[in-house]
Amino acid sequence: MHHFSVLFQVLVALFALLMLGTTRGNDDDGTIARTRTRTSSSFSVLQNARKSDVRLHPYPHVVIENCLPDDVYEELEKFYPKHEDIVQIAKPGRTSIAANTRVDLRAAMVLAKKNGKSKKNAIDSSNKQIVSKAWEEFIRYHSSREFYEEVIDLFGEEVFTKYHGGLEEKYGLKLREMETEVRLMSRKKNPAPVTLDAQIGVNTPVIKGQSRVRGLHVDNAHELYAGLLYFRDKNDPAKGGNLEVFECLLGAGACEEYSEAERWKHRKKIGWDVQFKNSGDFKLVAEVPYEKNQFVMFINSNSSYHAVSPRSASAYPRRLINIAANEYYENEYYENEYYMTTLRAKS
């Protein structure tokens, strides 16, 4: 009888440990606790984030150094797809591509075949080795409902209501209550109001001189949040490629934009896209270095001004993961392709 009692106590202790390891909530040190499994928390870019890390000026954003555990980062870095392979899959049939061009493998490309859905540019079985199992799990998690709620937990519902209250009014729901789907994999009838994406991306190498991939701008108005995780190659000698955070000195949303015609003309003149006219109306508030395992995330709005600093010549691409949530809109695929192909081709 004594042996059964001891065995029962051991089983109870093991169960308690298991439950402790899978509980979500706020730890005493402010770190948001998450499921302790390889397929979730160990991949989460927010596993070391604290609410106190969130900066509200000039708009809500967070910067996390060494956001992934060393072993997880090293495994992902080891199998980061070659930029030539990313271009081949994302831009099939393209025989050449301009220097410092952004190209991404979207979550839909990585996950579509696995989910049994045939999607444009989905990675077929012959190219599956280009995206490792670890990368597939990483992309799956960061385009998941669980990660979406992590972001809301970190920034707080009140912040999302402040910047995206119009969307909540439109659907009569808080963002946490809204259904989500993977972007560009939405069902045709009654699509979810929020789409999630996690993209394995590169800016192709800068051949000579210096080049910006994009100047002062704000993201697509449908975007709710965006995050960038950098995978800088240890041998990359290039300088620049940092994310610059700006404030409009005239007030949020008050800085003047170029018209479409003016924007094209200015782009042709300087070689990269800039959305806003007068750089003197802006103040550089922060600069996030392009360094390995560095993560930055911000709440998108019409005042979330940012740019990428000029990057010097290098044989290495600028490697980054883009994590985002968007309000679903019917033409999201075509608008995304417009910038990624047409806009770049006119440079």
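Everything numeric in this text was worked out from a predicted model, so none of it was measured.

Summed over the entire model, instances satisfying the criterion amount to 1 disulfide. Linked covalently through their sulfurs, Cys248 and Cys255 form a disulfide whose S-S length is 2.0 Å. The S-S bond linking Cys248 to Cys255 shows a torsion near 100°; that makes this disulfide right-handed. Accessibility expressed as a relative area gives 5% for Cys248, which makes it buried.

Once that is clear, we can look at the packing of aromatic side chains. For the structure on display, the rule yields 15 aromatic pairs. Their ring planes at 85° and their centres at 5.3 Å tell us that Tyr80 and Trp135 sit as a pair that is edge-to-face. Of this pair, Tyr80 sits in the loop between α2 (70–78) and α3 (83–90) while Trp135 sits in helix α5 (residues 133–142), placing them 55 residues apart in sequence. Ring centres 6.5 Å apart and planes at 85° place the aromatic pair Phe246 and Phe282 in the edge-to-face group. Within this pair, whereas Phe246 is found in strand β9 (residues 243–248), its partner Phe282 is found in strand β10 (residues 282–288), the two being separated by 36 residues in sequence. Classification of Phe246 as buried rests on a relative accessible area of 12%. An aromatic cluster of three or more residues is present, and its members are Phe43, Tyr73, Tyr80, Trp135, Phe138 and Phe231. Positioned above the aromatic ring of Tyr290 is the side chain of Arg318, whose terminal nitrogen or guanidinium carbon lies 5.7 Å from the ring centre. Of note, Arg319 hangs over the ring of Tyr80, and the distance from its end group to the ring centre comes to 4.8 Å.

The next thing to look at is the sheet that holds strand β12 (residues 306–308). In spatial order, the strands read β10-β9-β12; together these 3 strands make up an open sheet with antiparallel pairing. With partners counted over all chains shown, the strands left at the sheet margins are β10 and β12, one partner each. Sheet twist, expressed as the mean angle between neighbouring strand axes with direction ignored, is 30°.

This part takes up the nonpolar core. The biggest cluster of nonpolar side chains holds 61 residues, and the ones touching the most others in it are Val45, Phe138 and Tyr225. Sort the elements by how many residues they give to this core and helix α6 (residues 145–155) lands first, with 6 residues. Excluding anything up to four places from it in sequence, Tyr225 contacts Phe147, Tyr148, Val151, Phe160, Leu196, Met297, Phe298, Ile299, Asn300, Ile323, Ala324 and Ala325. Core analysis: the next-biggest nonpolar cluster, separate from the first, contains 11 residues, Phe246, Cys255, Tyr258 and Phe282 among them.

Reading guide: rules and limits
As a convention, each chain's residues are numbered from 1 in the sequence order in which they are written. Under the rules for a predicted model, residues below a pLDDT of 70 receive no local features and side-chain atom pairs below 80 are neither given nor counted, while totals for whole chains, interfaces and linings still include all residues. With hydrogens and water stripped out, all remaining heavy atoms of the structure feed into the side-chain values. Here, a disulfide means two cysteine sulfur atoms that sit within 2.5 Å of each other. To sort residues, take the accessible area from a 1.4 Å probe on protein chains only and compare it with the maximum for the residue type: under 20% means buried, over 50% means exposed, and anything in between is partly exposed. When the centres of two rings from Phe, Tyr and Trp lie within 6.5 Å, Trp using its six-membered ring, the rings pair. Their planes under 30 degrees apart give stacked, over 60 give edge-to-face, and anything left gives tilted. By the criteria applied, helices consist of DSSP H or I runs no shorter than four residues and strands consist of E runs no shorter than two, each listed in order from the N terminus. Look at NZ for Lys and CZ for Arg. If either is within 6 Å of the ring centre and within 35 degrees of the ring normal, a charge sits over the ring. If DSSP finds at least two bridges between two strands, the strands pair. Helix axes are fitted only over the stretch in contact, all axes being lines through C-alpha atoms; the angle between N-to-C directions runs from 0 to 180 degrees. For our purposes a nonpolar core is just a set of buried Ala, Val, Leu, Ile, Met, Phe, Trp, Tyr and Cys residues, chained together by side-chain atoms within 4.5 Å. Contacts: residue pairs with any heavy atoms within 4.5 Å of one another.

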